[in-house]
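# Geometric and topological summary
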Protein chains: 2
Amino acid sequence: MNIGIVGLGLIGGSLGLDLRSSGHHVVGVSRQGKTCDTAVALGAVDQASCDLTALASADVVFVCTPIAAIAPTVATLSAILSQDAVITDVGSVKSEIVAAATQCWPNFVGGHPMAGKSEAGIDVAEIQLFKGRPYVLTPLAQTPLTAIAVVRDLVQSLHANLYECSPEIHDRAVAWISHLPVMVSASLIQACMTESDPVVRTQSLQFASSGFRDTSRVGGGNPELGVMMAQYNRSALLHALKGYRNQLDQVTALVEQENWPGLEHLLSQTHTARTQFNGLS
Amino acid sequence: MNIGIVGLGLIGGSLGLDLRSSGHHVVGVSRQGKTCDTAVALGAVDQASCDLTALASADVVFVCTPIAAIAPTVATLSAILSQDAVITDVGSVKSEIVAAATQCWPNFVGGHPMAGKSEAGIDVAEIQLFKGRPYVLTPLAQTPLTAIAVVRDLVQSLHANLYECSPEIHDRAVAWISHLPVMVSASLIQACMTESDPVVRTQSLQFASSGFRDTSRVGGGNPELGVMMAQYNRSALLHALKGYRNQLDQVTALVEQENWPGLEHLLSQTHTARTQFNGLS
């Protein structure tokens, strides 16, 4: 199959590595010539170009640009691709994108591979990045079944765990487990920096170990991506932030009231609840 | 050197593995005979007993029990050890423990290796667990220099990063980077479980990936340990929780007001700030 990838970062590059290893011919497009060269050198694409017209003969195109560029890219591609071509994306919010993209390209299937890393860019692309990770497709009622089947097959070839739901359900679910954690984690980093005693602040920087590293990871990630998540999923994120603040206040009240049995009950609940989340240990 | 270890869990067991590999003779004490057998079988101790009197000839004793048992254990040991013996502990809070322990054993040196894992117990003990991790000693002004030197040498033999500060500074610092993250992370898990739409809740459980896994890890940890941290470091933890809530409210306000440049500025700050914490990437 001829596959196009627009945007050669961590996700686009990793998709290219996997799809090429499955025997597909992959053409990459990046705004930057240097990224194109790196992608070819790393074997993430067979060829690369700064020009979207290089994808004219693609059967499927993965749009892996930043969120704000997805719908405009689909609009541009609609004048380039053959009518049967399928477009999919990898954006971490879906409702707005799927609505806009479907309007200019009916064979559009929204997608979201849940496979982040703390680093970004083509240099950290890796083979089998998606293996065993959730990969959500968000077709609409009117999305052609043939288009869905094509994307579904490709996702399964990545050995990802395939899920399908509506864009709205997707956005509300990821608000809890992906977008809320970014804000929770960023607030933690900010809070630690507010300590007014310089000795305590310095020691806390030095003592930070695995617990802090893990809890602060997503809050120290790509700022642009964090803003996009908030911007494109604002109401679901605000709902999650509100629910979160209630829980934080409950935990704080238990500590204030020295209600240790209550705190132990709560921490036992979270200990058990965490095991219900997919694949966590 | 004859070294005693009271409490053969992850930390006690891992200490034993390292200290034995440095040529020390290690005697372990656990309340449970089965744990004693496992510790001997794993090579974490040379011999093990359920009775503290087995440590009568120890030069140094590491108390690796749960926090609440540290001071009582030191009191019991004070009738067993020779006068020159040094006692140290590995508790994650220090002020109360160091005060109580020093009172019954002047040669007491508070310690805190920052080397947690999500699992607990002797079965997950590992060699070189402390390598490259912070290990804080919290001597008092009156702690004998000879006792400090003995513990310092042993900690350095673990290839840990040695720090020294007062118990009070330690407790205020770890409130930010160790105890606050537990409450922040537990609140995240609880909040996700409050979603009232069962479809959204189910999907969020399924979509949870590396971001949620990392941010929720310490909140899904040992409930008993979480309660002890809060109980023994209550005022510093409440100070940190208050500071955290302020930051969370600021982030929420930025999203509410659609102040995207403001949110990007904040997330850029946290992106940069995180690199200032010890050894994080």
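Reading the values: the criteria
- Once a new chain begins, its residue numbering starts again from 1 and follows that chain's sequence as written.
- Lettering of chains starts at A and numbering of ligands starts at 1, both following the order in which they are written.
- With pLDDT at 70 or above as the cut-off, local features in this predicted model cover only qualifying residues; side-chain atom pairs require 80 or more to be listed or tallied, and sums for whole chains, interfaces and linings still use all residues.
- Side-chain descriptors were evaluated using all non-hydrogen atoms of the structure, hydrogens and water having been removed beforehand.
- Only DSSP runs of H or I reaching four residues or more are called helices, and only runs of E reaching two or more are called strands; each is numbered from the N terminus.
- For every residue, the accessible area (1.4 Å probe, protein chains only) is compared with the maximum for its type, and the residue is labelled buried under 20%, exposed over 50%, or partly exposed between those bounds.
- Residue contacts are defined here by distance: any two heavy atoms, one from each residue, within 4.5 Å place the two residues in contact.
- Only buried residues count toward a nonpolar core, which is a set of Ala, Val, Leu, Ile, Met, Phe, Trp, Tyr and Cys residues joined through side-chain atoms within 4.5 Å.
- To superpose the copies, least squares is applied to the C-alpha atoms of every residue with a pLDDT of at least 70 in both.
- What pLDDT reports is the predictor's confidence in each residue, on a scale of 0 through 100.
- Only one rule defines a salt bridge in this text: a Lys or Arg side-chain nitrogen within 4 Å of an Asp or Glu carboxyl oxygen.
- By this definition, two strands are paired if DSSP reports at least two bridges between them.
- All axes are obtained by fitting lines to C-alpha atoms, using only the stretch in contact for helices, and the reported angles, taken between N-to-C directions, cover 0 to 180 degrees.
- Two parts placed together each lose some accessible area under a 1.4 Å probe, and adding up what both lose gives the buried area.
- Polar contacts here mean pairs of N or O atoms no more than 3.5 Å apart (in protein, one a potential hydrogen donor and the other a potential acceptor; neighbouring residues in sequence count only if both atoms are side-chain atoms).
- Any residue outside Ala, Val, Leu, Ile, Met, Phe, Trp, Tyr, Cys, Pro, Asp, Glu, Lys and Arg is labelled polar, Gly included; the first ten of those are nonpolar and the last four are charged.
- Clockwise travel from the first strand over the helix to the second, with the strands pointing away from the viewer, marks a crossover as right-handed.

### Thoughts on the overall build of chain A
Regarding its fold elements, chain A presents 11 helices and nine strands. For chain A, the spread of C-alpha atoms along the principal axes amounts to about 65 × 40 × 30 Å. By the burial criterion, 58% of the 281 residues in chain A qualify as buried. For chain A, the share of sequence-separated contacts (at least 6 apart) that also reach a separation of at least 24 residues comes to 65%.

### Details of the nonpolar core
Most often, soluble globular proteins have nonpolar side chains that are buried together. Membership of the largest hydrophobic core comes to 84 residues, with the highest contact counts inside it found for Ile177(A), Tyr244(A), Leu263(A), Ile177(B), Tyr244(B) and Leu263(B). Apart from the residues within four sequence positions on either side, Tyr244(A) is in contact with Leu180(A), Val184(A), Val184(B), Ser187(B), Leu188(B), Ala191(B), Tyr244(B) and Leu248(B).

### Focus: the relation of the copies chain A and chain B
Mapping chain A onto chain B calls for a screw motion: a turn of 180 degrees about the axis and a shift of 0.0 Å along it, with 0.1 Å RMSD after fitting. This pairing of chains is accounted for by a two-fold axis. Taken together, the interface assignments show that 100% of the residues at the interface of chain A recur at the interface of chain B, consistent with an identical surface on both copies.

### Examining the confidence of the model for chain A
For chain A, the mean per-residue pLDDT works out to 95, and 98% of the residues sit at or above 70. Here the predicted complex scores 0.89 on pTM and 0.89 on ipTM.

### What about the pattern of salt bridges?
Proximity of charged atoms lets side chains of opposite charge pair with each other. Under the defined criterion, the tally for this structure stands at 20 salt bridges over all chains. The network of salt bridges with common partners includes Arg245(A), Asp249(A), Arg245(B) and Asp249(B).

### What to know about the sheet that holds strand E5 (residues 86-89) of chain B
Residue and element names in this part refer to chain B. On the basis of which strands lie adjacent, the open sheet formed by six strands has the order E3-E2-E1-E4-E5-E6 and parallel pairing. Only two strands of the sheet have a single neighbouring strand rather than two, namely strand E3 (47-49) and strand E6 (108-109). Here E5 pairs with E6 via two bridges, running parallel. Paired with Thr-88 across the strands is Val-109, a residue of E6. In the packing of helix H5 (residues 145-157) onto the sheet, contacts are made with strand E1 (2-6), strand E4 (60-63), E5 and E6, and the angle to E5 comes to roughly 55 degrees.

### Remarks on the interface of chain A and chain B
Tallying the contact residues gives 90 residues for chain A and 90 residues for chain B. Summed over both sides, the interface of chain A with chain B buries roughly 8,800 Å², with 68% coming from carbon and sulfur. For the salt bridge of Arg172(B) with Asp197(A), the shortest nitrogen-to-oxygen distance reads 3.2 Å. Remark: the boundary between chain A and chain B carries 37 residue pairs in polar contact (both at pLDDT 80 or more). Counting only elements with at least two residues in the side of chain A that touches chain B, the list comes to strand E8 (134-137), strand E9 (161-164), helix H6 (167-193), helix H7 (198-207), helix H8 (210-216), helix H9 (223-232), helix H10 (234-256) and helix H11 (260-274) of chain A. Here the side of chain A that touches chain B is built from residues that sort into 44 nonpolar, 30 polar and 16 charged.

### Overview of the pairing of E8(A)
As a general feature of sheets, a regular strand has side chains that alternate between the two faces. Residue and element names in this part refer to chain A. Of the two faces of E8, the one lined by Pro-134 and Val-136 and the one lined by Tyr-135 and Leu-137 are each fully buried. Here strand E7 (residues 111-113) runs beside E8; their pairing, made up of three bridges, is antiparallel. Note that in E8 the partner of Gly-111 across the bridge is Leu-137. Two elements, E8 and E9, share four bridges in a ladder whose sense is parallel. When the sheet's bridge partners are listed, Tyr-135 is paired in E9 with Leu-162. With helix H5 (residues 145-157) bridging E8 and the parallel E9, this β-α-β connection has right-handed handedness.

### Details of the pairing of strand E2 (residues 25-29) of chain B
Residue and element names in this part refer to chain B. Counting buried positions over the five residues of E2 gives four, a clear majority of the element. One ladder, built from five bridges, connects E1 with E2; its direction is parallel. Note on E2: the bridge partner recorded for Ile-5 is Gly-28. The parallel pair E1 and E2 is bridged by helix H1 (residues 10-21), and the resulting crossover is right-handed. As paired strands, E2 and E3 are joined by three bridges and run parallel to one another. Looking at E3, one finds that Val-29 is bridged to Ser-49. Note that the unit made of E2, helix H2 (residues 33-42) and E3 has a crossover that is right-handed.

### Comments concerning the sheet that holds strand E1 (residues 2-6) of chain A
All names here are of chain A. Read across the sheet, six strands follow the order E3-E2-E1-E4-E5-E6 without closing on themselves; strand pairing throughout is parallel. Two strands close off the open sheet at either side, each with one partner strand: strand E3 (47-49) and strand E6 (108-109). Here H5 sits on the sheet in contact with E1, strand E4 (60-63), strand E5 (86-89) and E6, set at roughly 55 degrees to E5.

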